[in-house]
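Chains, contacts and geometry: an overview
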Amino acid sequence: MKEFLAIATLMFWPVIPIFWIPLHFSIGLFRRLGIFTYIVPGLAWFPVAYFIWTYRDFLLKIAINFPLYVNIAGLILLISGTILHIWTIKLLGFGTIIGLPEVFPEIKNKIINKGPFSIVRHPTYLAHTLMFSGVFLFTGFLSVGLVALLDFFAVNLIIIPLEEKEMLERFGNVYKEYCKKVSSRFIPWLFNP
């Protein structure tokens, strides 16, 4: 079970660099691509996922034998992150989670400021970090730990700043006011300018 969870995590994480980073770097391009925005990353993701599956034995070769209490903490983080992610999907809607408002500007949505969005501005990314960290602590596979770190830095240094710039362009002063009310970008109760 631990191997399956680790390899599934490794296989599905590339969606972030293949889809979300390019989308936020080049929204204009993806708006011109329209529905093909979702086909191109899918075609790019498939060979990456296949490569990861093919070399799974190598990727899962190094594991840390964490004590049981660390494994339990990892499972708690994984479950907490999954619950948080489901909650954010419910609040945002599936279309927003997959980036439809970014790709199709005619799709209007609004800023969500309730639930976890009243505490941090990006609870979906926080959920990812909790899940990836949880999988690492539960399974002990070093490759998953590296992906958890890579995801944390990619989200905080690239995706969130680009997404906030796009949100500011889309929502203007409404988004500025939301940012004043919810000062934490990612970690609850920690100011992240």
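As the structure is a prediction and not an experimental result, all values here were calculated from the model. (Residues numbered from 1 in each chain as written. Predicted model: local features only at pLDDT ≥ 70, side-chain atom pairs only at ≥ 80, totals over all residues. Heavy atoms only, no water.)

**A look at the pattern of salt bridges**
Once their charged atoms are close, side chains differing in charge can pair, the charge on each being opposite to the other. Taken as a whole and judged by the stated rule, the model has six salt bridges. Put simply, Glu-166 and Arg-31 hold a salt bridge, and the shortest N to O gap is 3.9 Å. Residue Glu-166 is found in helix α10 (residues 142-171), and its partner Arg-31 is found in helix α3 (residues 27-33); the two are separated by 135 residues along the sequence. Salt-bridge contacts for Glu-164 lead to Arg-185; the nearest nitrogen and oxygen are separated by 3.0 Å. Here Glu-164, found in helix α10, pairs with Arg-185, found in the segment after α11 (173-181); they are 21 residues apart in sequence, far enough to count as distant. Shared partners join several salt bridges into a network, and the residues in it are Arg-31, Glu-102, Glu-166 and Arg-170. (Salt bridge = Lys/Arg side-chain N within 4 Å of Asp/Glu carboxyl O. Helix = DSSP H or I, 4+ residues; strand = E, 2+ residues; numbered from the N terminus.)

**Section: α10**
Its 30 residues place the ends of α10 40 Å apart at the C-alpha level, agreeing with the 44 Å of an ideal helix rising 1.5 Å per residue. Remark: the principal bend of α10, roughly 45 degrees, maps to Val-155. Within two residues after α10, Gly-172 carries a phi angle of roughly 60 degrees, on the positive side. (Expected span 1.5 Å × (residues − 1). Bend = angle between axes of the 7 residues up to and from the residue.)

**So, the packing of aromatic side chains**
Under the definition given, this model contains eight aromatic pairs. A centroid spacing of 5.3 Å and a plane angle of 85 degrees characterise the contact between Phe-66 and Phe-136, whose relative ring orientation is edge-to-face. Taken together, the positions of Phe-66 in the loop between α5 (56-59) and α6 (68-92) and Phe-136 in helix α9 (residues 123-139) put the pair 70 residues apart, joining distant regions of the chain. Using a relative accessible area of 18% as the deciding quantity, one classes Phe-66 as buried. On the basis of relative accessible area, Phe-136 is assigned to the buried category, the value being 17%. Residues Phe-152 and Phe-153 carry aromatic rings whose centres are separated by 5.3 Å and whose planes lie at 80 degrees to one another, so their mutual orientation is edge-to-face. Residue class for Phe-152 comes out partly exposed when judged on its relative accessible area of 27%. The residue whose ring lies beneath Lys-2 is Phe-138, and the NZ or CZ to ring-centre distance is 5.1 Å. (Phe/Tyr/Trp six-rings, centres within 6.5 Å; stacked < 30°, edge-to-face > 60°. Buried < 20%, exposed > 50% of the residue type's maximum accessible area, 1.4 Å probe, protein only. Lys NZ or Arg CZ within 6 Å of the ring centre and 35° of its normal.)

**Remarks on the side chain of Ser-184**
Note that Ser-184 resides in the segment after α11. Taking relative accessible area as the criterion, Ser-184 reaches 2% and is therefore assigned buried. A polar contact of 3.3 Å, which involves the side chain of Ser-184, links it to the backbone oxygen of Ile-187. (Polar contact = N/O pair within 3.5 Å; in protein donor to acceptor, adjacent residues only side chain to side chain.)

**Some words on the confidence of the model for the protein**
Mean pLDDT over the protein works out to 91, with 97% of the residues at or above the 70 mark. When pLDDT is averaged over each element of the protein, α6 comes out on top at 97 and helix α2 (residues 15-25) at the bottom at 85. (pLDDT = per-residue confidence, 0-100.)

**Looking at the nonpolar core**
With 39 residues, the main nonpolar core has Leu-10, Val-144 and Ile-159 as its most contacted residues. Those elements that provide at least two residues to this core are α1 (2-12), α2, α4 (36-54), α6, α9 and α10. When residues no more than four places from it in sequence are discounted, the contact partners of Leu-10 are Ile-52, Leu-59, Leu-60, Ser-143, Val-144 and Val-147. Within the second largest apolar cluster, nine residues are counted, among which are Ile-111, Phe-117, Tyr-178 and Val-182. (Core = buried A, V, L, I, M, F, W, Y, C linked by side-chain atoms within 4.5 Å. Contact = heavy atoms within 4.5 Å.)

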